[in-house]
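Survey of secondary and tertiary structure
Next come the chains, spelled out residue by residue.
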Amino acid sequence: MEFPKNKYQIIYADPPWSYNSRMALGKGAKRSSAEDYYDVMTLGDICNLPVNDIADTDCVLFIWVTMPKIFESIKVIEAWGFEYKTCAFTWVKRNKIFSQKRYEERGIDDFMGQGRWTRGNAELCLLATKGSPKRLSAKVRQIIHTPIQEHSKKPNEARERIIELVGDLPRIELFARQKISGWDCWGNEINGEDKRCVNV
């Protein structure tokens, strides 16, 4: 797909990381790898995207990453011309449907994800900057505690917090899956003919 040409002060990205592994989920599991759900990209291909070209002089990058990909995400941040600052959001995933029984047994009803060591149930959205963007609100909290939805879909709340944090600035979502009002978007899973959705 043709890459956007506009300049943005907010770039929000959820790269299709490649894990090169298939992890067993137990009996009856049919899909257990990212590749089963969507097209993935190599680290080199993600790094080579011309994101720096669409980043304005002052720009904030928000990039989603799972725990096994933390070191790779720093390489992507640097390749795109940004400097890592902090973790913007930690998404603690709840089950789609709340279970009182699970809550009574465990004291929590959080989603149990995959993991080769411990079972993952949190995902990070890292924050990196280019130039000197400004924080507008000191009230934005890091923890997002919401139910999972379809595979890999991130909570809508993250977009709202981004705008509260840095303002209603020109923004784009890379690797988007849906059109969101006020956001330009680019991705190969967006419904409709225009997969870029620039200036929607």
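Everything below is about the structure printed above this text.
What comes next concerns the included structure. (Residues numbered from 1 in each chain as written. Predicted model: local features only at pLDDT ≥ 70, side-chain atom pairs only at ≥ 80, totals over all residues. Heavy atoms only, no water.)

1. With respect to the overall build of the protein chain
- A tally of helices and strands in the protein chain yields five helices and seven strands.
- When the helices and strands of the protein chain are placed in sequence order, the string is β-α-α-β-α-β-α-β-β-α-β-β.
- For the protein chain, buried positions account for 42% of its 200 residues.
- A separation threshold of at least 6 residues defines the contact pool for the protein chain, and within that pool the share at least 24 residues apart is 70%.
- If you sum the accessible surface of the protein chain, you get close to 11500 Å²; carbon and sulfur atoms cover 49% of it. (Helix = DSSP H or I, 4+ residues; strand = E, 2+ residues; numbered from the N terminus. Buried < 20%, exposed > 50% of the residue type's maximum accessible area, 1.4 Å probe, protein only. Contact = heavy atoms within 4.5 Å. Areas by Shrake-Rupley, 256 points an atom, 1.4 Å probe, with all protein chains shown as cover.)

2. Section: the pattern of salt bridges
- If you walk through the whole model with that rule in mind, you get nine salt bridges.
- Between K5 and E2 there is a salt bridge whose closest N-O contact spans 3.8 Å.
- Among the residues examined, E2 registers a relative accessible area of 47% and is labelled partly exposed.
- When the shortest N-O distance is used, the salt bridge between K154 and D14 registers 2.8 Å. Of this pair, K154 sits in the loop between β5 (143-147) and α5 (157-166) while D14 is found in the loop between β1 (8-13) and α1 (43-47), placing the two residues 140 residues apart along the sequence. Neither residue differs from the other here; K154 and D14 are each classed as buried. (Salt bridge = Lys/Arg side-chain N within 4 Å of Asp/Glu carboxyl O.)

3. Re the sheet that holds strand β7 (residues 184-186)
- Reading across the sheet, the seven strands line up as β5-β3-β4-β2-β1-β6-β7 and stay open at both edges, with mixed pairing between neighbours. Looking along the sheet, the strands with just one partner apiece sit at the ends: β5 and β7. Neighbour-to-neighbour, the strand axes of this sheet turn through a mean angle of 20°, independent of strand direction.
- Here β1 runs beside strand β2 (residues 55-65); their pairing, made up of five bridges, is parallel. Residue pairing across strands places A13 opposite I63, the latter belonging to β2. (Pairing = 2+ DSSP bridges. Axes fitted to C-alpha atoms, helices over the stretch in contact; angles between N-to-C directions.)

4. A closer look at the packing of aromatic side chains
- One pass over the full model with this rule turns up five aromatic pairs.
- When the centroid spacing of 5.7 Å and the interplanar angle of 55° are considered together, the rings of Y12 and W183 count as tilted. Remark: W183 occurs in the loop between β6 (171-174) and β7 and Y12 occurs in strand β1; sequence separation between them is 171 residues. For the pair Y12 and W183, one class covers both residues: buried.
- Between W64 and W91, the ring centres sit 6.2 Å apart and the planes meet at 75°, which makes this aromatic pair edge-to-face. Note that W64 is positioned in strand β2 and W91 in strand β3 (residues 83-94), a separation of 27 residues in sequence.
- W64 gets classed as buried once you look at its relative accessible area, which sits at 1%. (Phe/Tyr/Trp six-rings, centres within 6.5 Å; stacked < 30°, edge-to-face > 60°.)

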